[in-house]
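# Descriptive analysis of the structure
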Amino acid sequence: MTHKPLCGIDEAGRGPLAGSLVIAGVVLKNPVEGLMDSKKLTEKKREALYPLVIKNSEYHIVSFSAQEVDAMGISQCLQQGLQSIQKHLLEVEYLFDGNSSFGVDNIKTMIKADTKVAEVSAASILAKVTHDREMIEMAKKYPEYGFEKHKGYGTKAHMEALLKHDRCEVHRKTFRVKGLDDPVLKF
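On a predicted model such as this, the values are computed, not experimentally measured, just so you know.

Let us now look at the sheet that holds strand 3 (residues 57-64). Across the sheet, five strands lie side by side as 3-2-1-4-5; this open sheet has mixed pairing. The sheet is open, and its two edges are formed by strand 3 and strand 5 (107-110), each paired on a single side. Here the average twist between neighbouring strands, direction ignored, is 25 degrees. For strand 1 (residues 6-12) and strand 2 (residues 21-28), the ladder comprises five bridges, and the chain directions are antiparallel. Paired with G8 across the two strands is V26, which belongs to strand 2.

What follows is the structure in structure tokens.
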């Protein structure tokens, strides 16, 4: 029985109020030193590891815009992203960080795989850096939101900017924002 290489899969941008959902699959061809869950690395360290992962792997990155997330929902986007990775990275075993394969066959899941498995850590880094770079670019177009600081997540500063300026094109319209989407109470 031949042993198939492992394709680690992770996503970034599932929870923010703005920006794309990014899913990455990585099959490492050579070991990369310093891999770990992207959330545990500094931005500088993630940026340094990104080209090393690219150079030492076969990979596939799928992005869904805020509009696509609104239209299809997170689960459908994740399902399509996983299927796209399966179409591009062949003859491998698939391991997705988390506890759901979103109905996609032949995908194993593991909670905290991004902290335990190098290929998933590498995918975590590709997904997070891709997501964060997009948000840094969006910060130039929409400086009033501070995307470069919070990367679209619902921080206090982002919530205050939303209440002041409402949403822009990279915000997810289906993600409810307290104070912005609450029904007005009438007495």
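Turning next to helix 3 (residues 74-88). Given a rise of 1.5 Å per residue, 15 residues ought to cover 21 Å, and the 21 Å separating the end C-alpha atoms of helix 3 matches this to within 8%. Within helix 3, burial applies to I74, C77, L78, G81, L82, S84, I85 and Q86. Against strand 1, strand 2, strand 3, helix 2 (66-72), strand 4 (93-97) and strand 5 lie the buried residues of helix 3.

Another aspect to go through is the side chain of Q86. Tracing the sequence through the fold places Q86 in helix 3. Only 2.8 Å separates the side chain of Q86 from the backbone oxygen of D105, close enough to count as a polar contact. Among residues more than four places away in sequence, those in contact with Q86 are Y94, V104, D105, N106 and I107.

As a further point, take helix 7 (residues 156-165). Of the positions making up helix 7, those classed as buried are H158, A161 and L162. Each buried residue of helix 7 sits inside an arc of 100 degrees when the element is viewed along its axis, so together they form one side. Within helix 7, the exposed residues directed more than 90 degrees away from the buried face are K156 and K164. Tucked inside the fold, the buried residues of helix 7 contact helix 6 (147-150). Residue D166 follows helix 7 closely and has a positive phi angle near 65 degrees.

Of all the eight residues making up strand 2, eight are buried; the element is thus mostly covered by neighbouring parts of the structure. As paired elements, strand 2 and strand 3 share eight bridges and run antiparallel to each other. Bridging from a neighbouring strand, I23 pairs with V62 of strand 3.

Rules behind the numbers
Residues numbered from 1 in each chain as written. Predicted model: local features only at pLDDT ≥ 70, side-chain atom pairs only at ≥ 80, totals over all residues. Heavy atoms only, no water. Pairing = 2+ DSSP bridges. Helix = DSSP H or I, 4+ residues; strand = E, 2+ residues; numbered from the N terminus. Axes fitted to C-alpha atoms, helices over the stretch in contact; angles between N-to-C directions. Expected span 1.5 Å × (residues − 1). Buried < 20%, exposed > 50% of the residue type's maximum accessible area, 1.4 Å probe, protein only. Contact = heavy atoms within 4.5 Å. Polar contact = N/O pair within 3.5 Å; in protein donor to acceptor, adjacent residues only side chain to side chain. Arc of directions from axis to C-beta.

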